[in-house]
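# Tertiary structure, described
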Amino acid sequence: MNSIKSISAFHRLLSLPEPRHPLVSVINLAESKFFEDEVWKGFVNLFYCVALKREAKGKIKYGQQHYDYDKGVLSFTAPKQVQSLDVANMECGSGYLLIFHPDFLLNHSLASYMHRYGFFSYSVNEALHLSAEEEEDLITILDKIHKECLHIDKHTQEIILSQIELLLNYSNRFYERQFITRKHNNSQLLAKFEQLLEEYFDTDIVARQGLLTVQYIAERMNLSPNYLSDLLRVHTGQNTQQHIHEKLIEKAKEKLSTTGLSVSEIAYGLGFEHAQSFSTLFKKKTNLSPLAFRQAFN
């Protein structure tokens, strides 16, 4: 696996001059040339990348659907994520890349909560589709970052990081808008999610797979775990793990109240390897132990 370790190395791969700042750069795609190189077949960057593609031709395909947010498409990648590019058949059009090294965040509060921006772990097909107005808002921010990189002084880092944080907060807002405006498609996703939960516990899948995981559900919905959790949070107020726990407790209550199975048998039937783990979760969610619930119910 090829590794692109520095902003300078990335500039060279795009036939661009050396960056003015060693740890952050705004790249104009119209000025870049993606020459065919083995590195593009499989590589990881050691920096964050925010890519804004402008003037996309035609409609944007998202999953199996097409959408009309075709003015701008914004995608995010975190350091060390595996990527590949088909440079021979790629039509870059115009757009911008914001790249910044994790070291640029050191000693700044943004470093401690970058993990809150879950879209850095979204899949490519989960990119943010922008309206023209939203696109212009972000381009204005990118332009400010670029200008700051041209004349570095003791204020540069703080100013650039404040602009990066602003861009990421706007992106959070736009993703939430996207979840809501795709109401019909998302309703279908939510229905599929509920169906998968039911099937897992009502068939022999749990016996074969063990405890239900976020990863298992996300893979069967062709979504990244972070995107699924964020989608559910916007529409239901709970993430994927919370929904799984709710379903586990619901099924546990059903078995405790309608069968004579022991607590251990119920725990194993729900996929737990250890009955104590089941009892701990049940008490945390209901304030009662499984046996106390059964006794109270009876």
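Numbering of residues starts from 1 in every chain and runs along the sequence as written. It should be noted that, the model being predicted, local features are given only for residues of pLDDT at least 70 and side-chain atom pairs only at 80 or more, the latter also being counted only at that level, while totals for whole chains, interfaces and linings use all residues. Only heavy atoms go into the side-chain values, all of them from the structure, while hydrogens and water stay out.

## Describing the sheet that holds strand β3 (residues 43–45)
- An order of β1-β3-β8 is seen for the three strands of this open sheet, with the pairing classed as mixed. Looking at strand neighbours, the two that pair on one side only are β1 (2–4) and β8 (82–83), the edges of this open sheet.
- Paired strands, as defined in this entry, are two strands with at least two bridges between them according to DSSP. What counts as a helix is a DSSP run of H or I of at least four residues, what counts as a strand is a run of E of at least two, and both are numbered from the N terminus. Bridge analysis of β3 against β8 gives two bridges, and the strand direction is antiparallel. Each bridged residue has a counterpart across the sheet, and for F43 the counterpart in β8 is Q83.

## A closer look at helix α4 (residues 183–202)
- Compared with an ideal rise of 1.5 Å per residue, which puts 20 residues at 28 Å, α4 spans 28 Å between its outermost C-alpha atoms and is within 8% of the ideal.
- The classification of residues rests on relative accessible area computed with a 1.4 Å probe and restricted to protein chains. Under 20% of the type maximum is buried, over 50% is exposed, and intermediate values are partly exposed. Of all the positions in α4, only N185, N186, L189, F193, L196, L197, Y200 and F201 are classed as buried. Buried residues of α4 fall within an arc of 140° about the axis and therefore sit on the same side. Pointing more than 90 degrees away from the buried face of α4 are the exposed residues H184 and D202. In this analysis, the expected span of each helix is defined as 1.5 Å times one less than the number of residues it contains. Here the arc refers to the directions that run from the helix axis out to each C-beta atom.

## Some details on helix α7 (residues 225–236)
- Its twelve residues give α7 an end-to-end C-alpha distance of 16 Å, which sits within 8% of 16 Å, the value for a rise of 1.5 Å per residue.
- Listed as buried for α7 are Y227, L228, S229, D230, L231 and L232.
- Phi turns positive one or two residues past the end of α7, at G237, with a value near 85°.

## Remarks on the environment of Y48
- By secondary structure assignment, the location of Y48 is in strand β4 (residues 48–54).
- Remark: the alpha-carbon pair of Y48 and K80, spanning 32 residues in sequence, is separated by 9.0 Å.
- Excluding its chain neighbours within four sequence positions, the residues that come into contact with Y48 are T77, A78, P79, L98, I99, F100, P102, L105, M114 and F120. By the convention used here, residues are in contact when the closest approach between their heavy atoms is within 4.5 Å.

## Considerations on the layout of surface pockets
- What the second largest pocket holds in volume is close to 390 Å³.
- Think of a 1 Å grid over just the protein atoms. A cavity is a set of points where a 1.4 Å probe fits yet cannot get out, a pocket is an open set with protein on both sides within 12 Å along at least five of seven lines, and lining residues have an atom within 4 Å of a point. Taken together, 20 residues make up the lining of the second largest pocket; nearest its centre are V26, I27, N28, E31 and H146.
- Only β2 (24–28) and α2 (132–150) provide two or more residues apiece to the lining of the second largest pocket.
- Here the lining of the second largest pocket gets six residues from one element, more than from any other, and that element is α2.
- Amino acids are sorted into nonpolar (Ala, Val, Leu, Ile, Met, Phe, Trp, Tyr, Cys and Pro), charged (Asp, Glu, Lys and Arg) and polar (every other residue, Gly among them). Here the residues of the lining of the second largest pocket sort into eleven nonpolar, five polar and four charged. Grid points are joined across faces, edges and corners, and a volume is the space filled by probe spheres set on the points.

## So, the pattern of salt bridges
- We define a salt bridge as a contact between a side-chain nitrogen of Lys or Arg and a carboxyl oxygen of Asp or Glu at a distance within 4 Å. Following the criterion strictly, the structure yields ten salt bridges and no others.
- One salt bridge in this structure joins E198 and K251, with 3.3 Å as the shortest N-O distance. Note that E198 is positioned in helix α4 and K251 in helix α8 (residues 240–258), a separation of 53 residues in sequence.
- Using a relative accessible area of 28% as the deciding quantity, one classes E198 as partly exposed.
- On the basis of relative accessible area, K251 is assigned to the buried category, the value being 8%.
- Between D202 and K251 there is a salt bridge, with its nearest N and O atoms 3.1 Å apart.

## Some points on the pairing of β2
- By the criterion of burial, β2 is predominantly enclosed, with four of the five residues buried.
- As paired elements, β2 and strand β9 (residues 94–100) share five bridges and run antiparallel to each other. Opposite N28, over in β9, you have Y96 as the bridge partner.

## Let's talk about the side chain of S171
- Turning to its location among the elements, S171 is positioned in helix α3 (residues 156–181).
- Each residue touching S171, except ones within four places of it in the same chain, is listed here: L74, F76, F119 and L128.

## A look at the packing of α4 against α7
- Between N-to-C directions, angles cover 0 to 180 degrees, with each direction set by a line fitted to C-alpha atoms, over the stretch in contact for helices. Close contact between α4 and α7 brings their axes to 11 Å; oriented N to C, the two are set at 105°. Taken together, the axes of α4 and α7 lie roughly perpendicular to each other. Seen from α4, the contacting residues are N186, L189, L190 and F193; seen from α7, they are L231, L232 and H235.
- Split by residue class, the contact of α4 with α7 holds five nonpolar, two polar and no charged. Orientation categories follow fixed angle ranges, with anything under 35 degrees roughly parallel, anything over 145 roughly antiparallel, 65 to 115 roughly perpendicular, and all other angles oblique.

As far as function goes, none of this settles anything; it's purely spatial.
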